[in-house]
Amino acid sequence: MEIDNLIRMANRIGDFFDAMPDREQAVADVASHIQKFWEPRMRNELLAFLARQPDGDAGKVRLSPILLEAVNANKERLTPAS
Amino acid sequence: MLETVIKRDRDYGTPARVSEQTVTLTIDGQAVTVPAGTSVMRAAAEAGISIPKLCATDSLEAFGSCRLCLVEIDGRRGYPASCTTPAEAGMVVRTETSKLRDLRRGVMELYISDHPLDCLTCAANGDCELQDMAGVVGLRDVRYGYQGANHLDDAKDESNPYFTYDPAKCIVCNRCVRACEETQGTFALTISGRGFGSRVSAGQDQPFMESECVSCGACVQACPTATLQEKSIIEMGQSEHSVLTTCAYCGVGCGFKAEMKGQEVVRMTPWKDGQANRGHSCVKGRFAWGYTTHKERVLKPMIRKRISDPWQEVSWDEAIRYAASEFRRIQAENGRDSIGGITSSRCTNEETYLVQKLVRAAFGTNNVDTCARVCHSPTGYGLKQTLGESAGTQTFDSVMHTDVAVVMGANPSSAHPVFASRLKRRLREGARLIVIDPRRIELVSSPHIKADYHLQVRPGTNTALLSSLAHVIVTEGLVNEAFVSGRCEAKSFQDWRDFVARPENSPEAMEEVTGVPADQVRGAARLYATGGNAAIYYGLGVTEHSQGSTTVMGIANLAMATGNIGREGVGVNPLRGQNNVQGSCDMGSFPHELPGYRHISDPVVRGAFEADWGVTLQPEPGLRITNMFDAALSGTFKGLYLQGEDIVQSDPNTQHVASALSAMECIVVQDLFLNETAKYAHVFLPGSSFLEKDGTFTNAERRISRVRKVMEPRNGLSDWEVTVALSNALGYPMNYTHPSQIMDEIARLTPTFAGVTYEKIDRLGSVQWPCNDEAPEGTPIMHVDEFVRGKGRFLITKYVPSDERSTRKYPLLLTTGRILSQYNVGAQTRRTANVMWHSEDLLEIHPQDAEDRGIVEGDWVGVQSRAGETVLRAMVTDRVPPGVVYTTFHFPESGANVVTTDSSDWATNCPEYKVTAVQAVRVTQPSEWQKRWSRFSEIQRQLLRERMRESETM
């Protein structure tokens, strides 16, 4: 699935939690949201992208700081079960 | 013994009164006790004594004009009208005396001296109160004779497609005028002229169709004679039995009596005891049910290998076996998660439950979603986070206790008409109104209704506006501190309070962003916080945005901060769009949730379903509808079972959806008609309408009501039976023989439904969930003592501008909505006479924007966005502000969704239908998309016609 689209969606999730005063909680919440609502294919693609491109830059779009933090700190629980 | 005459509902004459005080009086020697304020007429009726009446009916306040209901009261002079006389303690009333008999006969003589004597051939024969009263008073002759001036030659008005107005039969009782005022609130009718010249006038003595009449039918229902009569009654005669059921259009969920002759519907009349609608309805529910017998209904299953092939009509067995084998083949070749299903928000709870069960248990995947994705999914998310439950908090009745109503991003006059009528009734009683909408919706200014504040927010800036309202409440000391400290999480409140108090969230700072003057925002906020019971009603103008979920949370924040939750007259009220969209969400149609809004990853919940269903369920969330399209285009999603949903017409970015479907291998559509999506389908399973099945719908009030079968399914099977057959063909056994068994299973597995049974619904009329041991008869008002999640949670709602912003290339903002006479994609209403009111989607454009572009009324206008282009006819109006254009999406050829984009809510992917950056130019021909659509649609219609010829030659 198109990585640009996934990055845009992920960044917008980040925008919401970015407004929270408790940074640590916000980062954890971003990861929780993606884990709870993103289908495995989507999470796999995001993780694979970050593995290829650790700075999160996809050219036209790039992953926001809070997203980088959230995904990197929670790689295990974001990786789908099977 | 066969019942051959329909029992009419008991009419008590005047409305019921609610009072803690009672009075006891004596009527005809009988002691009767009633609430204070009840009329003598109603008190008598409740004791089983029917006082003759013509101008009184219990849905309307007493009028006192016909003078039939006169009674004698000890100690009072003359003969008071029992309808306008309140019962008082110790009163002694006589309803029948020789003097009263003479008076009543005299009144009837006058009526009949100017009335046709064609009872035997009249459409109201058997259901005429004038006839009844003539009989009751013993009228034998009319001493005036019939040679005098009369109205017998008055011309009929047959302009309305559903009912006739025959003034020759009118007794000027005023019931229709009063119904249009009190019940509907449109004020389209009046009496013009005086004395003998008094005549009912629609508009200014205009035909009904040219007046302000919205065809709700309240006047027809109220009319005691054949003056206002349904055309279906005129054609078919009186019905012989009736069945209670629930409307299949909007989220109000009106209770109806389907009046039948055998298996044919004669008319639908609103059920007086329907707790959602209380005897009222709109043009769609009451009159637009003809689509169920429309000739375009596809009644036989069809299959085809490619969508360029003609359809082949086959038996049910063959179609089901083919669909099942295709799904299994695709899974074998592409993996378990390469197929999925979409449940219908038009179908019953039992049917949606079965579809999600089929997807999870038979397909083995969580790729199931429902149309709530594209409308109220942000409500589900936002309210769950803040209050703990994904549903509205009140009943519709609650509005009668509201002092300040906020209507945000909703146009109930068009989309929830029966609720709008109730709201208007309350507003006429003195409640205040705040409207938050870019358009000047009907509620802003209509007869006897004027909004105190109309905040014309720029599309896409709702969150900013709510933050500024919150700023006022917090910085001006208007927070209900007691409520917040007792009922809400202290830390989340503190964080939220600090956030909204920031200067950048003030109305003055936000004015630039929202376009709403700061003083208006301050005024509205103060009114909401201090005006008494304040309730927020909101619709898709809140949810269908990139910050839809955030805005819902903003609404909940405001309600909690001001203590407006947990009792009558307040609350957070999402106006759910479809008849069963609440239900389909409740039933676990979302890819991440099992029935009862419990996450699929929860091992305890999942375990309970696994034990009951006998399968292992996947713990990871599945694909949402929007994700399904992306996956289809990347080649990992190839099969779809779609029940009662037209994604090609209703989802945004039509070209994207069409490409995605074209990339798939097996699309199974279960629907009534060959809709837009079916043109891309490989298997067509004919569906059944709400008249052809048993089950339940859940409306916006969480009210579960019965849907009852009144005719055998014309396609042979109810929708739930089709799903059962498909599941069995896939190898997952389903053995249900009646929908009540499905509800029993739902109750077994879902704590909020634990106490729901068909028997209970029959007994109580309807039940609002949660219904379980704590609330055996259901829960009208939620979060009364505590929130479902315990303490309410405030969430910070920072404004993030949408990607859809006006630019040089696309300087206007397009927003979308609904109108009264058409319903959503129009699959049902376009196949009824409702097209007389709205036969095409129009583009509403402000006079300034039109002038800048050389556009006048009626011109063809090309609407272009980054997603595509379509052409619509222009309607120049100042209902929209400059910079905003508006259209509806009821006709597939309009292509409104060709223009909408993939911008969507961050939390739920609910499409941002309400904000699309567009340009409008005057054009002389349809768009490229429309030309292609025309050609494609014609080809598909041809393929359907070729199928029919095959079956005829066989």
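See the structure printed just above.
Residues numbered from 1 in each chain as written. Chains lettered and ligands numbered in written order. Predicted model: local features only at pLDDT ≥ 70, side-chain atom pairs only at ≥ 80, totals over all residues. Heavy atoms only, no water.

Next up on the list: the overall build of chain B. Helix and strand counts for chain B come out as 30 helices and 36 strands. The C-alpha extent of chain B, read off along each of the three principal axes, is 90 × 80 × 65 Å. When each of the 954 residues of chain B is scored for burial, the buried share is 65%. Nonlocal contacts in chain B, meaning residues at least 24 apart in sequence, comprise 73% of its contacts between residues at least 6 apart. For chain B, the computed accessible surface area is about 33300 Å², with 50% contributed by carbon and sulfur atoms. Side-chain charges in chain B split into 101 positive and 115 negative, and the spacing between the mean points of these groups amounts to 1 Å. (Helix = DSSP H or I, 4+ residues; strand = E, 2+ residues; numbered from the N terminus. Buried < 20%, exposed > 50% of the residue type's maximum accessible area, 1.4 Å probe, protein only. Contact = heavy atoms within 4.5 Å. Areas by Shrake-Rupley, 256 points an atom, 1.4 Å probe, with all protein chains shown as cover. Lys, Arg positive; Asp, Glu negative; His and termini not counted. Charge placed at Lys NZ, Arg CZ, Asp CG, Glu CD.)

Bringing helix 3 (residues 40–52) of chain A into the picture now. End to end, helix 3 of chain A covers 18 Å across 13 residues, agreeing with the expected 18 Å (1.5 Å per residue, within 8%). Among the residues of helix 3 of chain A, those classed as buried are Pro40, Arg41, Met42, Arg43, Leu46, Leu47, Phe49 and Leu50 of chain A. Taken together, the buried residues of helix 3 of chain A touch helix 1 (3–18), helix 2 (23–37), helix 4 (65–73) and helix 5 (75–78) of chain A together with helix 22 (625–633) of chain B. Among the residues of helix 3 of chain A, the N-terminal cap falls to Glu39 of chain A, whose side-chain oxygen and the backbone nitrogen of Arg41 of chain A are separated by 2.9 Å. (Expected span 1.5 Å × (residues − 1). Polar contact = N/O pair within 3.5 Å; in protein donor to acceptor, adjacent residues only side chain to side chain.)

The subject of this paragraph is the pairing of strand 31 (residues 812–817) of chain B. Each regular strand displays side chains that alternate between the two surfaces of the sheet. All names here are of chain B. Most of strand 31 is tucked away, with six of its six residues classed as buried. With burial as the criterion, each face of strand 31 is covered, one bearing Leu812, Leu814 and Thr816 and the other bearing Leu813, Thr815 and Gly817. Sheet analysis places strand 31 next to strand 36 (residues 916–922), joined by three bridges and oriented antiparallel. Counted as the bridge partner of Leu812 is Val918 from strand 36. In this structure, strand 31 lies alongside strand 35 (residues 884–888), joined through five bridges in parallel fashion. Bridge pairing in strand 35 places Thr816 opposite Thr887. (Pairing = 2+ DSSP bridges.)

Time to look at the packing of aromatic side chains. All names here are of chain B. Under the criterion given, the structure shown has 25 aromatic pairs over all chains. A connected cluster of aromatic rings, assembled from ring pairs, spans Tyr162, Phe163, Tyr165, Phe208, Phe287 and Trp837. A cation sits over an aromatic face here: Arg830 above Phe891, 5.9 Å from the ring centre. Cation over ring: Arg831 sits above Phe673, and NZ or CZ is 3.8 Å from the ring centre. (Phe/Tyr/Trp six-rings, centres within 6.5 Å; stacked < 30°, edge-to-face > 60°. Lys NZ or Arg CZ within 6 Å of the ring centre and 35° of its normal.)

Turning our eyes to something else, we now look at the interface of chain B and chain A. Note: interface size is frequently given as the accessible area lost on complex formation between the parts. Taken together, the contact between chain B and chain A spans 30 residues of the former and 24 residues of the latter. Taken together, both faces of the contact between chain B and chain A bury some 2400 Å²; the carbon and sulfur share is 58%. On the chain B side of the interface with chain A, the three residues burying the most area are Glu620, Ile796 and Trp906 of chain B, jointly 25% of the side's total. Run the count over chain B and chain A and you get two salt bridges. Measuring nitrogen to oxygen at the nearest pair gives 2.7 Å for the salt bridge that ties Glu620 of chain B to Arg43 of chain A. Of all the elements in the fold, those that place two or more residues in the side of chain B that touches chain A are helix 19 (548–561) and helix 22 of chain B. Per-element accounting of the side of chain B that touches chain A gives the leading share, three residues, to helix 22 of chain B. (Buried area = accessible area lost by both parts, 1.4 Å probe. Salt bridge = Lys/Arg side-chain N within 4 Å of Asp/Glu carboxyl O.)

Residues and elements named next belong to chain B. Taking strand neighbours across the sheet as the criterion, the four strands line up as 2-1-4-3 in an open arrangement whose pairing is mixed. Of all strands in the sheet, those with a lone pairing partner are strand 2 (30–35) and strand 3 (72–73), marking the two edges. Bridge count between strand 1 (residues 22–27) and strand 2: six bridges; the pairing is antiparallel. Each bridged residue has a counterpart across the sheet, and for Leu25 the counterpart in strand 2 is Val32.

On to the pattern of salt bridges, then. All names here are of chain B. Under the counting rule described, the total for this entry stands at 69 salt bridges over all chains. Between Glu938 and Arg941 there is a salt bridge, with the nearest N and O atoms lying 3.5 Å from each other. One end of the pair, Glu938, and the other, Arg941, are both in helix 30 (residues 928–953), three residues apart, so they sit about a helical turn from each other. A relative accessible area of 36% places Arg941 in the partly exposed class. In the salt-bridge network here, residues are joined through shared partners; they are Lys305, Glu326, Arg329, Glu333, Lys638 and Glu665.

Another aspect to go through is the sheet that holds strand 10 (residues 255–261) of chain B. Residue and element names in this part refer to chain B. In space, the three strands of this open sheet follow the order 9-10-11, with antiparallel pairing throughout. The sheet is open, and its two edges are formed by strand 9 (241–246) and strand 11 (264–270), each paired on a single side. Sheet twist, expressed as the mean angle between neighbouring strand axes with direction ignored, is 30°. As paired elements, strand 10 and strand 11 share six bridges and run antiparallel to each other. Note on strand 11: the bridge partner recorded for Ala258 is Met268. (Axes fitted to C-alpha atoms, helices over the stretch in contact; angles between N-to-C directions.)

Another point: the state of the cysteines. Residues and elements named next belong to chain B. Under the criterion given, the structure shown has zero disulfides over all chains. Unpaired in this structure, Cys119 has its nearest cysteine sulfur neighbour in Cys128, at a distance of 6.4 Å. You can call Cys119 partly exposed: its relative accessible area is 38%. Here Cys216 is not cross-linked by a disulfide; its sulfur's nearest cysteine counterpart is in Cys180, at 6.3 Å. A relative accessible area of 10% means that Cys216 is categorised as buried. (Disulfide = S-S within 2.5 Å.)

The next thing to look at is the packing of helix 10 (residues 377–386) of chain B against helix 19 of chain B. Each pair of packed helices can be described by the angle between their axes along with the distance between the axes. Residues and elements named next belong to chain B. Relative orientation of the contacting elements helix 10 and helix 19 amounts to 40°, with a least axis distance of 8 Å. Put simply, helix 10 runs oblique to helix 19. Our pair here, helix 10 against helix 19, has a crossing hand that is right-handed. Each of Pro378, Thr379, Tyr381, Gly382, Leu383, Gln385 and Thr386 in helix 10 lies in contact with helix 19, whose residues at this interface are Gly548, Ser549, Val552, Met553, Ala556, Asn557 and Met560. (Parallel < 35°, antiparallel > 145°, perpendicular 65-115°, else oblique. Left-handed = near helix turned anticlockwise from the far one by under 90°.)

Time to look at helix 22 of chain B. All names here are of chain B. Along helix 22, seven of the nine residues are buried, which leaves the element largely enclosed by surrounding structure. Residues Ile625, Asn627, Met628, Phe629, Asp630, Ala631 and Ala632 constitute the buried set of helix 22. Looking at the residues trailing helix 22, positive phi occurs at Gly635, about 85°.

Residue and element names in this part refer to chain B. On inspection of all chains with the given rule, the structure shows nine cavities of 30 Å³ or more. Its volume calculated, the second largest cavity comes out at about 90 Å³. Taken together, 13 residues form the lining of the second largest cavity, with Val406, Ile436, Leu469, Tyr528 and Leu558 sitting closest to its centre. Secondary structure elements with two or more residues in the lining of the second largest cavity: strand 16 (404–408), strand 17 (432–436), helix 13 (462–475), helix 17 (518–530) and helix 19. Of the residues belonging to the lining of the second largest cavity, the class tally is 13 nonpolar, no polar and no charged. (1 Å grid on protein atoms, 1.4 Å probe; cavity = no way out; pocket = protein on both sides within 12 Å on 5 of 7 lines; lining within 4 Å. Points joined across faces, edges and corners; volume = space filled by probe spheres on them. Nonpolar A, V, L, I, M, F, W, Y, C, P; charged D, E, K, R; others polar.)

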